[in-house]
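Spelled out, the chains give:
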Amino acid sequence: MKVTKYQKVSPKVHRPYRLILLTDIHNKPFDRLVQQVAGEKPDAILVAGDIVDRHRKTWKRALPFLRACADVAPTFFSYGNHEVKFPIVRAEDIAETGAVLLDNSCIRFGDLVFGGQTPKADTSWLEGFEEQEGYRILLNHHPEYWVKWGLRERDIDLILAGHAHGGQWRFFDRGVLAPGQGLMAKYVRGEYGNMIVSTGCSNTAAPLVPRFFNPREIVEITVVPE
């Protein structure tokens with residue numbers, strides 16, 4: 001699978017951190033994906049939502065996927081819209097995989113602070129997140145919330161999103177359709193200010209909606225000292 005790499009420079013860190021962002025696995029087979037991630041030797045794996053598939057009501061691979069990630073590196077998971085609309089994986093089940101659930105909450109990881117925004121209109125907890133010392137990284141599954149909820153104005157160093165599947169079909173390097181954004185969606189792949197959007201790790205958004213000219217990706221972010 002394609003690996004898209006970004007580097008961020010900050011005086012808030014004292015050593016380099018290699019982070020892997022995975023989104024939108026949607027209960028698909030994951031063995032080769034996790035093997036490839038392991039080869040990147042990450043310091044942490046960040047899973048920004050949609051490990052289940054609410055359309056097909058499938059979820060049996062979701063927890064084994066988190067467990068496999070946690071066997072590679074410390075793993076942090078935040079909910080996507082599929083987990084919210086099909087709440088089959090319980091917090092206690094996630095904890096048993098070794099992954100850390102970030103449900104409108106945050107946790108320190110060395111010089112970094114990881115937060116997870118659940119796809120519900122409750123951002124009150126972000127005030128406490130913004131007060132944390134360190135390089136603040138927010139897992140926020142929905143890229144459209146960057147504008148809709150004013151996340152781009154928040155004191156957050158980096159926001160990591162998925163959900164849009166790269167626009168599903170891409171023509172002339174432009175995404176055609178994304179949930180929450182509609183036709184000719186804007187925030188579907190790449191870097192926008194302090195936000196990085198992944199195209200995701202699975203092939204379809206819903207039954208019979210394949211990708212075109214839109215490869216899946218693993219996102220690697222290296223945060224290095226200034």
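In what follows, the structure referred to is the one given above.
Residues numbered from 1 in each chain as written. Predicted model: local features only at pLDDT ≥ 70, side-chain atom pairs only at ≥ 80, totals over all residues. Heavy atoms only, no water.

J.: Break down the side chain of His141 for me, citing the residues and quoting the values.
T.: Inspection of the secondary structure assignment puts His141 in the loop between strand 8 (135-140) and helix 6 (145-148). At 3.1 Å, the side chain of His141 forms a polar contact with the side chain of Asn81. Aside from chain neighbours lying at most four places away, what touches His141 is Asp24, Ala48, Gly49, Asp50, Tyr79, Gly80, Asn81, Leu160, Ala161, Gly162 and His163. (Helix = DSSP H or I, 4+ residues; strand = E, 2+ residues; numbered from the N terminus. Polar contact = N/O pair within 3.5 Å; in protein donor to acceptor, adjacent residues only side chain to side chain. Contact = heavy atoms within 4.5 Å.)

J.: Account for the pairing of strand 2 (residues 17-22), naming residues and giving values.
T.: Along any regular strand, the residues point their side chains to alternate faces of the sheet. Across the 6 residues of strand 2, 5 count as buried, placing the element largely inside the fold. Taken together, the 4 bridges between strand 2 and strand 3 (residues 44-48) define a ladder with parallel strand orientation. Counterpart to Leu22 in the pairing with strand 3 is Val47. Viewed along the sheet, the connection from strand 2 through helix 1 (residues 31-39) into strand 3 turns out right-handed. (Buried < 20%, exposed > 50% of the residue type's maximum accessible area, 1.4 Å probe, protein only. Pairing = 2+ DSSP bridges. Right-handed = clockwise from strand over helix to strand, strands pointing away.)

J.: Break down the pairing of strand 8 for me, citing the residues and quoting the values.
T.: For strand 8, the buried fraction is high: 6 of the 6 residues fall into the buried class. Burial along strand 8 is two-sided: Tyr135, Ile137 and Leu139 and Arg136, Leu138 and Asn140, pointing in opposite directions, are all buried. Strand direction decides the pairing type here: strand 8 and strand 9 (residues 158-161), joined by 3 bridges, are parallel. Each bridged residue has a counterpart across the sheet, and for Leu139 the counterpart in strand 9 is Leu160.

J.: Report on the sheet that holds strand 1 (residues 2-10), specifying residues and quantitative values.
T.: The strand order 1-16-2-3-4-5 describes an open sheet built from 6 strands, whose pairing is mixed. At either end of the open sheet lies a strand with only one pairing partner, and these are strand 1 and strand 5 (100-101). Its contacts with the sheet place helix 2 (residues 62-72) against strand 2, strand 3 and strand 4 (75-78), and it is angled at close to 155° to strand 3. (Axes fitted to C-alpha atoms, helices over the stretch in contact; angles between N-to-C directions.)

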